[in-house]
Amino acid sequence: MSSRGGRRTAPKKAPALTPGAIAEALFCLDPDRDERAPQLCAETLLTLAQNGYQAPTDPADLISPKLQRFALRSLALGENFLGGRNDGRAGEDDTTPAQYGAMLAVGREIRGSANLSKAQLALQGLVDPDTQRGQQPGAWLLRPFHESLLWYDARRESTTSRLYTVRKVYMRGGGITLARLLADPAYEDARHDGHAAVAAIQDALTTATPLAGISRTLERALPAGETYNRPPRLEDDEQAAWDRGADPRLKDLTYSLCRHAAGVMQQSGASAPAKLWQLRTILALDFACHLVRTAWQATGTPDRDQFLLLSFGGAPRALDPVRQRAEHSYRRARIQMGKATVTTLAGRMRHLHQVDHVSDWGGQFQTGSPLGNAKDSDSVSRQLSRLAINSRTEEYERVARIAVESANYSRGAEDGFRVLLESVGAVGGTGAYRYFTAGPDLLAALVGALSARMPMSSRDFFAAVRREWGFVVNQESAADTALAAQLDGAGLERNARRAEKLMSDAGLAIGLSDRTTMVGERAARSSR
Amino acid sequence: MSAGDNQRAQPDHSGATATKADELPAVTALRGMSVFSADQAGAYREHFAELAAALGDDVETSLGAYLSRWAAEGTRGAVVLTGNAGTGKTAAAEAYARAAGAALPADDALVEIAPGRSVLKDLSGLPTHARASTLGRALEASDGQFLVCANEGVLRDALEELGNVTAAATLDEALRRGAARHDDITVVNVNRQRPTGDRLWMQLLDYLTREELWTGCEGCPYGDGGCSMRSNAEQMRRTDVREQMRTLFRLGTGEAVPTLREVLAILSWAIVGRSSCEQVRGKFRDTGLHDATAVDGYFTRVLGGGMSGEAAERSPLLSGIRRAGLGEVSDLEVDGWLRDTNGAPDTVRLVAGDPTAQAQPTSASTSGRLAGSQSPLDRVRTKQGEMTFHALGEMVSTDEDPTRVEDGLEALVSGDGVDNAAVQSLWRQRVFFEAADSLGGSAAAARRLLRFRYVGDLTELAAKTARGRDTVIELNELVRGLNFLVTGFASPNEGLVVPDPACLFARDPGAFRPARPSLVHSLVPLSKLSLHVPDVGLVESLLDVDHVDVELVADHDEDLALRVRPRMYEAIREAAEFGGPVGQGVAEMNDLRGFYGRLAVHLAGDSTDPDGDDALRVADPESHPPALVKITLPHFVEFR
């Protein structure tokens, strides 16, 4: 449990022009290129689970999502997360927690166990492959299929230390905000869906499974109350992330997330893990859609350009105009996000200059950033200091553009958007050839999110995904977009047919020969 | 040329032709039935009269026969035909009207065509506000017969508005089972009609290829081996060719519900493509045998040959057929026969156009590389000119001129650079249709030349299941395959292993990485599993059905059914047989997750006690022989 009152110190004034600060100002969230769907989902579910699947009566009573489960993860990941923990005993009188962790890491039998290595292999199969980048087992997560399989990012205290502690590695607080949106939506008419979603998440995360038995047994052996066996104190930024859930700028996200999460979690015909896997997709997808929609809004993108074209099928790229346009659509989305970042950064520079009368520009950038280098006469901070107080917006935008080009502002915008979509299978290709697409898992999540309205014809389904996420699949949904003049209808209809085929193969739709496809017979809620 | 000119002489459907026409009426009709080009008027019922003049009366479907009998008997009640455009609802309504001694009304309204017999040929043709009331009149009448044709969506809306619970329940049941009857209301889901049914398939092919339709136009070069259309029709009259074609269509129907319109369109394309009699005569006049080759053969056209990939994609049925990969799958022996026909069976040598295989030379036989050619179907184009399959094989294998060999090889693997049909693909396709016996029979030919190696086994299993025969051995194989697919554990001895639903996500049956142990949720003994075919009961007596897939059902509960279509069956059998990575995609795994998820929920009560730490089992792919391994967790005293 986290400790309560008096634990936080007064926040110090943070630099206002760092990539994180600009992303937060623009999106009201803090995406990051290291935060992918698994991290976002785990943090959301951990926050819900740690707080009893409801919002704390007093926001100050929020419990941190930083859950260790070092015994279970030692077994599952083959790494001793209890290394260096030599105080106390684990399970046996002559076994320290560090020794216990070492035995678990190699799958050695402990106190009458048998075939523990088989359990280890079974658990290893459940590691979310999207988290297995790099050599940091502390950041590896299990798929979010049960409350007892969730844990927070961990890292060694230093490169020479054997002590692991839970801390922000790839989880950045976005999941805490999403948990707030679901458990305590700020809008009365979103509450029904939000609460229904959270109740169904609780059911799914606490479903009886042998996996829970393994986790419970192994964790029970650790001495209670130790720092590595209880959540640490709530941190300021965690509290801020929770509070951010009430920000009016997240109104649209609140509605869509509650609606979609309720759809996924209340559908029939899917197992609890299948629903939770779809929830992982929807959380990341809605988060990413919020980013791009905010960028469209910030840059005044015309309605006809506000779409994401999904390309289906395996035709060679050179022969597939829809694929080429989907690449273009992806590039356009990123460009708009970059432009939105420049606009936001310029606006903030102007405000700091003209309203706050800031003169120490170097302090507004990240420590060590070349942008704030006072010795370089061409650095952004020096250029800002040379601007007259009554400079025009264009001047700030010029400087902001230089800043964006020479520092990593895309990390919290375009790149955050990319990794979220990549980790749910919504982006295919590599490098300059990336394009929007959807695999069976993503399509299943879209169908699940719309379960309240299922079954429906594929035509209605494509119209619904256009409305809900801005995805264009067929000719009809492209009619009011710039695509109408760029692609012939036959190409888009073929694209739709391929999507239907994929859904039929995945058991999400039934294809009929006259080009009608009925989607979501199974996902339809049983009450219908 | 005007239509009038074309129809200077009409066949009298008795086989005799008074005078020869410039264009065979059948050719005009078949070209119009295609849905793959702009000229597709013949594909719609409204233009059927023109087709009937050329091709004769409709084929008689079981549905048409049932409705005709019903009209003759005069039994009171309502029959509702629901299904998608092109499935044959209007044709069936026409048969009903004919049996009642009347014509099908032209208007979309409930029309009394004969005393006590009313027809509404398309509910969606009525204004929205009138649909429910009109349907109500038909369904709730106390006397007379009412036949209503309606698309599902429109019908469901109208029933909802009407509040007729019995009819709505009947519709639901019909959509599930194909047909349902309650009181006087019968609802038939025409989407479940299968053109590959025993009777209907032969009728459809007769309808398009029967000899009397293909007597030849004025100056027809068929006798000289110059008309691909008549050669196609001739071959498609062969029983063995029809059976092979049926296999392909069955594969296609396993992926999409086929409409009669689509089937007829594909068959028409296979026979005539875009050709006309005038074109064929003109080419023969100008180039002799040289411009009529195997690229116009039915065996490649039935797979969409001659049309763009985009056009082929318009038909889900054709897309399904193309996925069979006929022509792309190699077989050492078949490919070897092309390079050297000497050791090949006589049937194969005939197909190759080997002159020494023919009992007597035909009029089409000429000297040189076309010697032995019987029809355009055995000729191919190369940079060295047109030649028979046999001559190409000889050139590639024995010619000493490297240029000729290179040109031959290029034609063999890449095509002639004009139509890009690789000769080896054309060869495999032709052998599949016309020399299946030389490959060991129909099932063996499918196994050797299609991507779906087990399609023959699936149809056989479906037929056995439909007849209620013993399928225990096959069930065992299915369970073995499924166990491997979901756990990597290839043994049916423990029954169907239902893994913990979470562990299903750890499996990628297409990956070469060895499977990890899966926690077992529960086991379903073989005695609780059964095989069914989807189309049973009333639907069998009302529609032409063909059993091309099966359902694996647990506990006799329809909600716990896994539909095993050709792709799924392929994955299961590959898994059972090879115990290694299977060729099917992640989409099938998604379907399996749904099935096992439902099973796990259903069997939750029987599963291992989740809190009983000593009752965990894993299906261990590494144990030999495959076995379920019990896991015992450590015992700790409460440490507090």
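The model shown is predicted, which means the values in this text are computed figures rather than measured ones. (Residues numbered from 1 in each chain as written. Chains lettered and ligands numbered in written order. Predicted model: local features only at pLDDT ≥ 70, side-chain atom pairs only at ≥ 80, totals over all residues. Heavy atoms only, no water.)

Some words on the overall build of chain B
Okay, step 1: Within chain B one finds 27 helices and 15 strands.
Okay, step 2: The 640 residues of chain B split such that 60% are buried.
Okay, step 3: At a minimum sequence separation of 6, the contacts of chain B that also span at least 24 residues come to 66%.
Okay, step 4: A total accessible area of about 24600 Å² is found for chain B, and carbon and sulfur atoms account for 48% of it. (Helix = DSSP H or I, 4+ residues; strand = E, 2+ residues; numbered from the N terminus. Buried < 20%, exposed > 50% of the residue type's maximum accessible area, 1.4 Å probe, protein only. Contact = heavy atoms within 4.5 Å. Areas by Shrake-Rupley, 256 points an atom, 1.4 Å probe, with all protein chains shown as cover.)

Structural notes on the sheet that holds strand S12 (residues 550-554) of chain B
Residues and elements named next belong to chain B.
Okay, step 1: A sheet is described by the order of its strands in space; here three strands give the open sequence S11-S12-S13, paired in antiparallel fashion. Single-partner strands in this sheet number two, and they are strand S11 (529-532) and strand S13 (561-564). Pairwise comparison of adjacent strand axes, ignoring direction, gives a mean angle of 20° for this sheet.
Okay, step 2: Summarising the sheet, S12 and S13 pair through four bridges and their orientation is antiparallel. Counterpart to Glu551 in the pairing with S13 is Arg563.
Okay, step 3: On top of the sheet, helix H23 (residues 455-466) reaches S11, S12 and S13; it is set at about 60° to S12, its chief contact.
Okay, step 4: Along the sheet, helix H24 (residues 472-487) contacts S11, S12 and S13; its crossing angle with S11, the most-contacted strand, is approximately 110°. (Pairing = 2+ DSSP bridges. Axes fitted to C-alpha atoms, helices over the stretch in contact; angles between N-to-C directions.)

A look at the packing of helix H10 (residues 251-266) of chain A against helix H11 (residues 272-299) of chain A
Residue and element names in this part refer to chain A.
Okay, step 1: Running from amino to carboxyl end, H10 crosses H11 at an angle of 165°, the nearest separation of the two axes being 9 Å. Here H10 is positioned roughly antiparallel relative to H11, judged by the angle of their axes. Remark: the crossing between H10 and H11 carries right-handed chirality. Where H10 abuts H11, its residues Leu253, Ser256, Leu257, His260, Ala261, Val264 and Met265 lie against Lys275, Leu276, Gln278, Leu279, Ile282, Leu283, Asp286, Phe287 and His290.
Okay, step 2: Here the contact of H10 with H11 is composed, by residue class, of ten nonpolar, four polar and two charged. (Parallel < 35°, antiparallel > 145°, perpendicular 65-115°, else oblique. Left-handed = near helix turned anticlockwise from the far one by under 90°. Nonpolar A, V, L, I, M, F, W, Y, C, P; charged D, E, K, R; others polar.)

Some words on H24 of chain B
Okay, step 1: For H24 of chain B, which comprises 16 residues, the first-to-last C-alpha distance of 22 Å matches the rise-based estimate of 22 Å (1.5 Å per residue) to within 8%.
Okay, step 2: Gly488 of chain B sits one or two residues past H24 of chain B and shows a positive phi near 80°. (Expected span 1.5 Å × (residues − 1).)

Looking at the packing of aromatic side chains
Okay, step 1: For the coordinates displayed, the defined rule picks out 17 aromatic pairs over all chains.
Okay, step 2: Ring plane angle 70° and centroid distance 5.2 Å describe the contact between Phe595 of chain B and Tyr596 of chain B, whose orientation is recorded as edge-to-face.
Okay, step 3: The class for Phe595 of chain B is buried, based on a relative accessible area of 0%.
Okay, step 4: Residue Tyr596 of chain B is classed as buried on the basis of its relative accessible area of 0%.
Okay, step 5: The side chain of Arg133 of chain A reaches across the aromatic face of Tyr170 of chain A, ending 5.6 Å from its centre. (Phe/Tyr/Trp six-rings, centres within 6.5 Å; stacked < 30°, edge-to-face > 60°. Lys NZ or Arg CZ within 6 Å of the ring centre and 35° of its normal.)

Structural notes on the side chain of Arg430 of chain B
Residues and elements named next belong to chain B.
Okay, step 1: Within the secondary structure, Arg430 sits in helix H21 (residues 423-434).
Okay, step 2: Within the local environment of Arg430, its side chain forms a polar contact with the backbone oxygen of Val351, the two atoms lying 2.7 Å apart.
Okay, step 3: Non-local contacts of Arg430, meaning those with residues more than four positions away in its chain, are made with Phe299, Val351, Leu377, Asp378, Phe389 and Ala435. (Polar contact = N/O pair within 3.5 Å; in protein donor to acceptor, adjacent residues only side chain to side chain.)

Examining the sheet that holds strand S3 (residues 117-120) of chain B
Residue and element names in this part refer to chain B.
Okay, step 1: Spatially, S2-S3-S4-S1-S6-S5 is the arrangement adopted by the six strands of the open sheet, whose pairing is mixed. The two strands at the open ends of the sheet, each matched to only one other strand, are strand S2 (111-114) and strand S5 (179-182). Put simply, the sheet's adjacent strands are angled 20° from each other on average, direction ignored.
Okay, step 2: Note that S5 and strand S6 (residues 185-189) share four bridges and pair antiparallel. Bridging from a neighbouring strand, Ala180 pairs with Val187 of S6.
Okay, step 3: Across the sheet, helix H4 (residues 62-73) lies against strand S1 (77-82), S3, strand S4 (145-150), S5 and S6, angled at about 160° from S1, the strand it touches most.
Okay, step 4: Together, S1, S3, S4 and S6 form the strand contacts of helix H6 (residues 128-139), whose direction differs from that of S4 by roughly 145°.

Notes on the state of the cysteines
Okay, step 1: One pass over the structure, following the stated rule, counts zero disulfides over all chains.
Okay, step 2: Free of any disulfide, Cys28 of chain A has its nearest cysteine sulfur in Cys258 of chain A, 15 Å distant.
Okay, step 3: A relative accessible area of 1% places Cys28 of chain A in the buried class.
Okay, step 4: Here Cys217 of chain B stays free of any disulfide, with the sulfur of Cys277 of chain B as its closest cysteine sulfur at 3.9 Å.
Okay, step 5: Exposure remark for Cys217 of chain B: the relative accessible area of 6% places this residue in the buried category. (Disulfide = S-S within 2.5 Å.)

Some points on the interface of chain A and chain B
Where interface size is given, it is often the accessible area lost as the parts come together that is meant.
Okay, step 1: Contacts between the two partners involve 57 residues from chain A, matched on the other side by 53 residues from chain B.
Okay, step 2: Interface area for chain A against chain B, summed over the two sides, is near 4900 Å², with a carbon-plus-sulfur share of 59%.
Okay, step 3: Taken together, chain A and chain B are joined by two salt bridges.
Okay, step 4: When the shortest N-O distance is used, the salt bridge between Arg593 of chain B and Asp441 of chain A registers 3.4 Å.
Okay, step 5: If you look at where chain A meets chain B, you find seven residue pairs in polar contact (both at pLDDT 80 or more).
Okay, step 6: At the level of secondary structure, the elements contributing two or more residues to the side of chain A that touches chain B comprise helix H5 (116-124), helix H8 (210-220), H11, helix H16 (440-449) and helix H19 (489-505) of chain A.
Okay, step 7: For the side of chain A that touches chain B, the element with the most residues is H8 of chain A, which contributes eight residues.
Okay, step 8: Residues that form the side of chain A that touches chain B fall into these classes: 27 nonpolar, 15 polar and 15 charged. (Buried area = accessible area lost by both parts, 1.4 Å probe. Salt bridge = Lys/Arg side-chain N within 4 Å of Asp/Glu carboxyl O.)

Looking at the nonpolar core
Considering soluble globular proteins, one finds that nonpolar side chains tend to be buried as a cluster.
Okay, step 1: One finds Tyr100, Ile214, Phe461 and Trp469 of chain A together with Tyr596 of chain B to be the most contacted residues of the largest nonpolar core, which totals 182 residues.
Okay, step 2: With 16 residues, the top contributor of residues to this core is H11 of chain A.
Okay, step 3: Each residue touching Ile214 of chain A, except ones within four places of it in the same chain, is listed here: Leu72, Leu75, Ala119 and Leu123 of chain A together with Leu519, Leu616 and Leu633 of chain B.
Okay, step 4: In this structure, Leu251, Ala391, Met395 and Leu439 of chain B belong to the second largest nonpolar core, which totals 89 residues. (Core = buried A, V, L, I, M, F, W, Y, C linked by side-chain atoms within 4.5 Å.)

Looking at the confidence of the model for chain A
Okay, step 1: Looking at chain A, pLDDT values average 90 and 95% of them are 70 or higher.
Okay, step 2: Scored below 50 in pLDDT, residues 1-10 of chain A makes 23 contacts in the model with residues more than four places away or belonging to other chains. (pLDDT = per-residue confidence, 0-100.)

Observations concerning helix H13 (residues 277-287) of chain B
Residues and elements named next belong to chain B.
Okay, step 1: Along H13, the residues classified as buried are Cys277, Val280, Arg281 and Gly282.
Okay, step 2: Buried residues belonging to H13 abut helix H2 (25-33) and helix H10 (228-235).
Okay, step 3: Just past H13, the residue Gly288 takes up positive phi, approximately 65°.

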